[in-house]
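Remarks on the overall topology
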Amino acid sequence: MKGVSVIICCYNSESKIASTLSCLQNQLIIPGLQWEIIVVDNGSSDQTIETIKSQWKKQPLTALKILTEEKQGQTFARAKGLKESKYEYCSFIDDDNRVCKEWISTVYEIFEAHPECAASGGIGNATFEIVKPFWFDKYEANFAVGPQGKNSGYVELNRSYLYGAGLNLQKRIVESMTKKEFPQIQTGRLVDQMRGGGEDSELCFCLVLSGYKLWYDERLKFDHFMPSGRMTEEYLKKLQIGMGRDEVVLSIYRSYISKRFTPKKNYIVEFMVTYVHFIKKNLYTKRRTKTEKFYYSMHCAYIKGYLTELLFIGKKTNWIRNKIDYFVHQVNKK
């Protein structure tokens, strides 16, 4: 059914969900456009649900559905929201995103004008609880902030992914792919194993490999709240380690999408080459400033994550490559 389903996944979101809903209560909707809001609670122990109900009562513009997903993890919460959504176009808004007034109408207009695009995304603007750290601008993309292209239009092939925050999807296309050969190797952030996530990138890569396009639109603006707990060097280092781990799998997808990326076939050789590079970097004795040392430590954290994941996966890398190979083969047959 034509329309937009806004899906918000929550976990202990009592302090921020009211602002997120308030932005949705001020939407400028195209006349006749059908839409709904689905909130998926992922095991909150605070007053998240009560806050949602209280805020929405102030101005109940459309249907609000509250669901519960007991399995921990954003991947499972999003899957639940997608399954229960009523409309063809689904917009995933994080519980700390404050979208612009034209968000829902613009999402609808984009997919109506570009049916060849399976996903679309916009531009996040960081709002800070504390003073912005000196390093933030360099790593803003890691926090789903900043532009995702030079201008509005198709996402470049060398990129081929969109942020998970503010990610919009055509439900029909995604469901068709997930029911068939979609590998779904990246299952989302696992804190105990220091993985960063990567499931949104994997989804986008598979959509591109399936022959669909991605669309970036500067009209889709949202504020992304940055709490003080995320603006620490320790959090950034963990994030870099997680992203390094994710890249082991994501780099395989990249090699199928663009000739710019070379596929790596032997994980032992890959580990040794990366490790030698890592050691050489550490032996580099040129005097560095305090800032240079900081950025260098983050680079090392990323490499450490990559090496750790290679060891963790080990011989499974062949199984993973075979699984991706099979997906690409099936897609090319169609």
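In this section: the overall build of the chain. Scanning the chain from N- to C-terminus turns up eleven helices and nine strands. Scored against the burial criterion, the 334 residues of the chain give a buried share of 52%. Contacts in the chain between residues at least 24 apart in sequence constitute 83% of all its contacts with a sequence separation of at least 6.

Taken residue by residue, helix α2 (residues 48–57) has Thr48, Thr51, Ile52, Gln55 and Trp56 as its buried positions. Here the buried residues of α2 occupy an arc of 120 degrees about the axis, which is enough to place them on one side. Looking at the buried positions of α2, the neighbouring elements they touch are β1 (4–10), α1 (17–24), β2 (35–41) and β3 (63–68).

A general feature of soluble globular proteins is that nonpolar side chains tend to end up buried together. Core analysis: the largest hydrophobic core is formed by 43 residues, its most contacted members being Leu169, Leu207 and Tyr253. Take this core: its biggest share by element is seven residues, from helix α7 (residues 199–209). If we skip the residues at most four places from it in the chain, Leu169 touches Glu88, Tyr89, Cys90, Phe92, Phe111, Ala118, Ala119, Val174, Leu203 and Leu207.

Now for the side chain of Glu88. Looking at the secondary structure, you find Glu88 in the loop between α3 (74–84) and β4 (89–92). Under the relative-accessibility criterion, Glu88 is labelled buried at 14%.

Before going further, it helps to examine the layout of surface pockets. Gaps left between atoms show up when a probe the size of a water molecule is rolled over them. Its volume calculated, the second largest pocket comes out at about 470 Å³. Taken together, 19 residues form the lining of the second largest pocket, with Ala79, Leu82, Val174, Thr178 and Gln184 sitting closest to its centre. Taken together, the elements giving at least two residues each to the lining of the second largest pocket come down to α3, β8 (167–170), α6 (171–178) and α7. Broken down by class, the residue content of the lining of the second largest pocket amounts to eight nonpolar, four polar and seven charged.

Moving on to the pairing of strand β6 (residues 117–128). Relative to strand β9 (residues 213–226), β6 runs parallel, the two sharing ten bridges. Within β9, the residue paired with Ser120 across the bridge is Trp215. Sheet topology note: the β6/β8 ladder contains two bridges and is antiparallel. Paired with Ser120 across the two strands is Asn168, which belongs to β8.

We now examine the side chain of Ser258. With respect to the helices, strands and loops of the structure, Ser258 is situated in the loop between α8 (233–257) and α9 (267–283). Residue Ser258 is classed as buried on the basis of its relative accessible area of 8%. For Ser258, the side chain forms a polar contact with the side chain of Asn158, separated by 2.5 Å.

This next bit is on the packing of α8 against helix α11 (residues 316–333). In the contact formed by α8 and α11, the axes pass within 11 Å of each other and the chain directions differ by 35 degrees. Where α8 crosses over α11, the handedness of that crossing is right-handed. Between α8, through Val249, Ile252, Tyr253 and Tyr256, and α11, the contact on the second element is made entirely by Ile320, Arg321, Ile324, Asp325 and Val328. Looking at the contact of α8 with α11, its residues break down into seven nonpolar, no polar and two charged.

Across all of its chains, the model carries twelve salt bridges by this definition. One salt bridge in this structure joins Asp95 and Lys16, with 3.8 Å as the shortest N-O distance. Of the two residues, Asp95 sits in the loop between β4 and β5 (97–99) while Lys16 sits in the loop between β1 and α1, which places them 79 residues apart along the sequence. In this structure, the salt-bridge partner of Asp200 is Arg78, at a minimum N-O distance of 2.9 Å. Of this pair, Asp200 sits in helix α7 while Arg78 sits in helix α3; the two residues are 122 residues apart in sequence, bridging distant segments of the chain. Residues Asp200 and Arg78 agree in their burial class; the two are buried. One connected set of salt bridges, linked through shared partners, spans Arg78, Asp94 and Asp200.

Glancing now at the pairing of β9. Direction of pairing for β5 relative to β9: antiparallel, over a ladder of three bridges. What sits directly across from Val99, in β9, is Phe222. When strand β7 (residues 153–154) meets β9, the two strands line up antiparallel, connected through two bridges. Bridging across to β9, Tyr154 finds its partner in Trp215.

Per-residue confidence for the chain gives a mean pLDDT of 89, with 90% of residues at or over 70. Between residues 190–194, whose pLDDT stays under 50, and residues either more than four places distant or in other chains, the model counts seven contacts.

Turning our attention to the packing of aromatic side chains. Within the structure shown, the criterion is met by 17 aromatic pairs. Residues Trp135 and Phe136 carry aromatic rings whose centres are separated by 6.4 Å and whose planes lie at 45 degrees to one another, so their mutual orientation is tilted. According to the relative accessible area criterion, Trp135 is buried, its value standing at 2%. Look at Phe136 and you get buried, because its relative accessible area is 1%. Counting every residue linked through ring pairs, the aromatic cluster contains Phe128, Phe134, Trp135, Phe136, Tyr139, Phe143, Tyr235, Phe294 and Tyr295. Above the ring of Tyr161, the side-chain terminus of Arg159 is found at 4.1 Å from the ring centroid. Across from the ring centre of Tyr154, 5.1 Å away, lies the NZ or CZ of Lys213, which sits over that ring.

Conventions we followed
- Residues numbered from 1 in each chain as written.
- Predicted model: local features only at pLDDT ≥ 70, side-chain atom pairs only at ≥ 80, totals over all residues.
- Heavy atoms only, no water.
- Helix = DSSP H or I, 4+ residues; strand = E, 2+ residues; numbered from the N terminus.
- Buried < 20%, exposed > 50% of the residue type's maximum accessible area, 1.4 Å probe, protein only.
- Contact = heavy atoms within 4.5 Å.
- Arc of directions from axis to C-beta.
- Core = buried A, V, L, I, M, F, W, Y, C linked by side-chain atoms within 4.5 Å.
- 1 Å grid on protein atoms, 1.4 Å probe; cavity = no way out; pocket = protein on both sides within 12 Å on 5 of 7 lines; lining within 4 Å.
- Points joined across faces, edges and corners; volume = space filled by probe spheres on them.
- Nonpolar A, V, L, I, M, F, W, Y, C, P; charged D, E, K, R; others polar.
- Pairing = 2+ DSSP bridges.
- Polar contact = N/O pair within 3.5 Å; in protein donor to acceptor, adjacent residues only side chain to side chain.
- Axes fitted to C-alpha atoms, helices over the stretch in contact; angles between N-to-C directions.
- Left-handed = near helix turned anticlockwise from the far one by under 90°.
- Salt bridge = Lys/Arg side-chain N within 4 Å of Asp/Glu carboxyl O.
- pLDDT = per-residue confidence, 0-100.
- Phe/Tyr/Trp six-rings, centres within 6.5 Å; stacked < 30°, edge-to-face > 60°.
- Lys NZ or Arg CZ within 6 Å of the ring centre and 35° of its normal.

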